[in-house]
Amino acid sequence: AQTVTQSQPEMSVQEAETVTLSCTYDTSENNYYLFWYKQPPSRQMILVIRQEAYKQQNATENRFSVNFQKAAKSFSLKISDSQLGDTAMYFCAFMKSPASGSRLTFGEGTQLTVNP
Amino acid sequence: KAGVTQTPRYLIKTRGQQVTLSCSPISGHRSVSWYQQTPGQGLQFLFEYFSETQRNKGNFPGRFSGRQFSNSRSEMNVSTLELGDSALYLCASSISSGGRDTQYFGPGTRLTVL
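Nothing here was measured: the structure is a model prediction, and the numbers come from that model.

Peer 1: Could you give an account of the interface of chain A and chain B, with specific residues and numbers?
Peer 2: The interface of chain A with chain B comprises 18 residues on the first partner and 26 residues on the second. Between chain A and chain B the total buried area reaches about 1800 Å² when both faces are included, carbon and sulfur atoms providing 48% of it. In terms of surface lost to chain B, no three residues of chain A exceed A:Arg43, A:Ser102 and A:Arg103, which account for 31% of the buried area on that side. Joining chain A to chain B, the criterion identifies 0 salt bridges. At the junction of chain A with chain B, the criterion picks out 9 residue pairs in polar contact (both at pLDDT 80 or more). Looking at the side of chain A that touches chain B, the elements with two or more residues in it are β5 (32-39), β6 (46-52), β10 (88-96) and β11 (104-106) of chain A. Counting residues per element, the side of chain A that touches chain B draws most heavily on β5(A), which supplies 3 residues. Looking at side-chain class alone, the side of chain A that touches chain B contains 10 nonpolar, 5 polar and 3 charged residues.

Here is the structure:
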């Protein structure tokens, strides 16, 4: 079974600064997908970024980027130029290869607070 | 396009009752997955339906069941409610099954069991 671990229950950052959230996972699969979702106080789960394991290039979406280290099974999220609206719970998630359906395995979450 | 909708948004039930939650996916999406979110257990996968067939099932008792209709709308049912079933229930839809397409989540149904 796959497991996802987020070792930082809470983090805080000053507005406009950069912050990195950590995530490690355990799997014997070679083909899989990794995701970061954010859940603000509204509880709406929003996709931040996704990474296909077969792609060596790290995914980037505007101020959000990942550092994907497949051998180390590490998938960290970097948020640049942090904004107040980035305050949310961030979840790292894992999905096996397409043949296994759309089942997401989530980490415990990291509560990020951006301070003015 | 309208997003994923879930009804009702809030629900209060008593132990022993049963409940049905509904999820309408984004138009054109054929896969619907359900998740339970609690402070103690975090986010846990319940099941996935794709083209009216259950594709995946998580580790939940048989009291939790679901189905999908021909228009891709999905319902989940919980029978004989227990206090521990109090949770936020999230559904997510995607065009196809598997990670090729992004899963979009609904706002959730907050179930409270008294």
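Text resumes after the structure shown.
Peer 1: So what about the state of the cysteines? Which residues, and what values?
Peer 2: Residues and elements named next belong to chain A. This structure, assessed with the given rule, holds 2 disulfides over all chains. Disulfide pairing places Cys 23 opposite Cys 92 at an S-S distance of 2.0 Å. Its S-S torsion of about -70° marks the bond between Cys 23 and Cys 92 as left-handed, since a negative value means left-handed. Taken together, the residues Cys 23 in the loop between β3 (19-21) and β4 (24-26) and Cys 92 in strand β10 connect sequence positions 69 residues apart.

Peer 1: Could you give me a rundown of the packing of aromatic side chains, with the residues and numbers involved?
Peer 2: Taken as a whole and judged by the stated rule, the model has 16 aromatic pairs over all chains. A ring pair is formed by A:Phe68 and A:Phe75, whose centres lie 6.3 Å apart and whose planes are at 80°; its orientation type is edge-to-face. Take A:Phe75: its relative accessible area is 0%, and that puts it in the buried class. An angle of 85° between the planes, with centres 5.6 Å apart, marks the rings of A:Phe106 and B:Tyr35 as edge-to-face. Of the two residues, A:Phe106 is situated in strand β11 and B:Tyr35 in strand β4 (residues 31-38); the pairing between them involves two chains.

Peer 1: Can you break down the nonpolar core residue by residue, with the values?
Peer 2: The nonpolar side chains of a soluble globular protein tend to be buried with one another. If you look at the biggest cluster of nonpolar residues, it comprises 25 residues, and the most contacted ones within it are A:Tyr25, A:Trp36, A:Phe75, A:Leu77 and A:Tyr90. Mapped onto this core, the elements with two or more residues apiece are β3, β5, β6, β8 (64-69), β9 (74-79), β10 and β12 (110-115) of chain A. Element by element, the count of residues in this core is highest for β10(A), at 4 residues. Ranked by size, the runner-up nonpolar core spans 21 residues in total, among them B:Val19, B:Phe64, B:Met76 and B:Tyr89.

Peer 1: Run through the pattern of salt bridges, naming residues and quoting values.
Peer 2: Any two side chains of opposite charge can pair if their charged atoms end up close together. Residue and element names in this part refer to chain A. In total, this model carries 9 salt bridges over all chains according to the counting rule given. Between Lys 73 and Asp 26 there is a salt bridge whose closest N-O contact spans 3.7 Å. Of this pair, Lys 73 sits in the loop between β8 and β9 while Asp 26 sits in strand β4, placing them 47 residues apart in sequence. Since its relative accessible area comes to 27%, Lys 73 is described here as partly exposed.

Calculation criteria
- Per-chain numbering applies: the sequence of each chain, read as written, is numbered from 1 onward.
- Each chain gets a letter, beginning with A, and each ligand a number, beginning with 1, in the order they are written.
- Owing to the predicted nature of the model, reporting of local features is limited to residues with pLDDT of at least 70; listing and counting of side-chain atom pairs is limited to 80 or more, with chain, interface and lining totals taken over all residues.
- Hydrogens and water molecules were not included; the side-chain quantities draw on all heavy atoms of the structure.
- We call two residues in contact when some of their heavy atoms are within 4.5 Å.
- Note: buried area is the sum, over both parts, of the accessible area (probe 1.4 Å) each one loses when the two are combined.
- Just to be clear on terms, a salt bridge is a Lys or Arg side-chain nitrogen sitting within 4 Å of an Asp or Glu carboxyl oxygen.
- Polar contact is defined as a pair of N or O atoms within 3.5 Å, subject to the rule that within protein one atom must be able to donate a hydrogen and the other to accept it, and that residues adjacent in sequence are counted only when both atoms are side-chain atoms.
- Secondary structure elements follow DSSP: runs of H or I of four or more residues count as helices, runs of E of two or more count as strands, with numbering from the N terminus.
- Gly is placed with the polar residues, together with every amino acid not listed as nonpolar (Ala, Val, Leu, Ile, Met, Phe, Trp, Tyr, Cys and Pro) or charged (Asp, Glu, Lys and Arg).
- Defined by distance alone, a disulfide is two cysteine sulfur atoms within 2.5 Å.
- Aromatic contacts are taken between Phe, Tyr and Trp rings whose centres are within 6.5 Å, Trp giving its six-membered ring; a plane angle under 30 degrees counts as stacked, one over 60 as edge-to-face, and the others as tilted.
- For every residue, the accessible area (1.4 Å probe, protein chains only) is compared with the maximum for its type, and the residue is labelled buried under 20%, exposed over 50%, or partly exposed between those bounds.
- By nonpolar core we mean a set of buried residues, namely Ala, Val, Leu, Ile, Met, Phe, Trp, Tyr and Cys, connected to one another through side-chain atoms within 4.5 Å.

Keep in mind these values describe shape, not function.
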